[in-house]
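Chain and residue survey
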Amino acid sequence: VIYVVVVFVIVPGVLLGVSALFEASVAGGVVVSLLLLGAVGAFEFWWLRLGGCNRLLSEEARAEGRRALQEADRELAGDAEAPKDRGEARELDASAPGGSE
C-alpha cells in the first residue's frame, strides 16, 4: 500500500510541482530540481556507502530470506533434492553423461 501511494501519488505530485515551478520561475525550478537531485544522491550515498540498507534489514536476515526463497523455488519446481549451492551443481553436471569436462 505504501509503495502504491509513493509511486503513483507522491512522486508524480512532486514532479508535477517542479514542472509547474519551472513555468512560474525558471530559476526556482532549477533550484528545486538541484535540491531534489541532491536529496536523492544523499539517500543513495547513505543507502549504499554508509550501510543504510543494513540498518533496515541485517545481512543475516537477507541471507535467510534468500535461502527460504531458494527452498520455496525448489519445492515449486518439484525438485526437493536440488543441490543447495552452485558448487554442488557443477560437480553433479560434471559427473553426468555428456557433462562439462
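Residues numbered from 1 in each chain as written. Predicted model: local features only at pLDDT ≥ 70, side-chain atom pairs only at ≥ 80, totals over all residues. Heavy atoms only, no water.

Description of the overall build of the chain
Looking only at helices and strands, one finds five helices and zero strands in the chain. Each of the 101 residues in the chain was classed as buried or not, and the buried ones make up 10%. Of the roughly 8400 Å² of accessible surface on the chain, 65% is carried by carbon and sulfur atoms. (Helix = DSSP H or I, 4+ residues; strand = E, 2+ residues; numbered from the N terminus. Buried < 20%, exposed > 50% of the residue type's maximum accessible area, 1.4 Å probe, protein only. Areas by Shrake-Rupley, 256 points an atom, 1.4 Å probe, with all protein chains shown as cover.)

Considerations on the packing of aromatic side chains
For the coordinates displayed, the defined rule picks out three aromatic pairs. Taken together, a centroid distance of 6.0 Å and an interplanar angle of 55° make the contact between W46 and W47 tilted. An aromatic cluster of at least three residues, connected via ring pairs, comprises F43, W46 and W47. (Phe/Tyr/Trp six-rings, centres within 6.5 Å; stacked < 30°, edge-to-face > 60°.)

Structural notes on the packing of helix α1 (residues 2-24) against helix α2 (residues 26-48)
The N-to-C vectors of α1 and α2 enclose an angle of 150°; their axes lie 6 Å apart at closest approach. Classified by the angle between their axes, α1 and α2 sit roughly antiparallel to one another. Our pair here, α1 against α2, has a crossing hand that is left-handed. Contact residues: α1 offers V14, V18, L21, F22 and A24, while α2 offers V26, G28, G29, V30, V32, S33 and L36. Its residues assigned to classes, the contact of α1 with α2 shows nine nonpolar, three polar and no charged. (Axes fitted to C-alpha atoms, helices over the stretch in contact; angles between N-to-C directions. Parallel < 35°, antiparallel > 145°, perpendicular 65-115°, else oblique. Left-handed = near helix turned anticlockwise from the far one by under 90°. Contact = heavy atoms within 4.5 Å. Nonpolar A, V, L, I, M, F, W, Y, C, P; charged D, E, K, R; others polar.)

A closer look at the pattern of salt bridges
Here the structure, examined in full by the defined rule, presents one salt bridge. Here E64 ties to R67 by a salt bridge, and the two come within 2.9 Å at their closest N and O atoms. Here E64 and its partner R67 are both found in helix α4 (residues 59-77), three residues apart, which amounts to about one turn of the helix. (Salt bridge = Lys/Arg side-chain N within 4 Å of Asp/Glu carboxyl O.)

Observations regarding α1
Because an α-helix completes one turn every 3.6 residues, residues spaced three or four positions apart along the sequence face the same direction. Between its first and last C-alpha, α1 extends 31 Å over 23 residues, near the 33 Å set by a 1.5 Å rise per residue. Of all the bends in α1, the greatest reaches close to 25° and is centred on I10; the proline P12 follows between one and four positions later. (Expected span 1.5 Å × (residues − 1). Bend = angle between axes of the 7 residues up to and from the residue.)

Concerning the side chain of S33
Secondary-structure assignment places S33 in helix α2. Here S33 falls in the buried class, since its relative accessible area comes to 18%. Excluding its chain neighbours within four sequence positions, the residues that come into contact with S33 are V18 and F22.

Looking at the confidence of the model for the chain
A residue-level look at the chain finds 77% of positions with pLDDT of 70 or above and a mean pLDDT of 82. Counted against residues more than four places away or in other chains, residues 89-93, with its pLDDT under 50, gives four contacts. (pLDDT = per-residue confidence, 0-100.)

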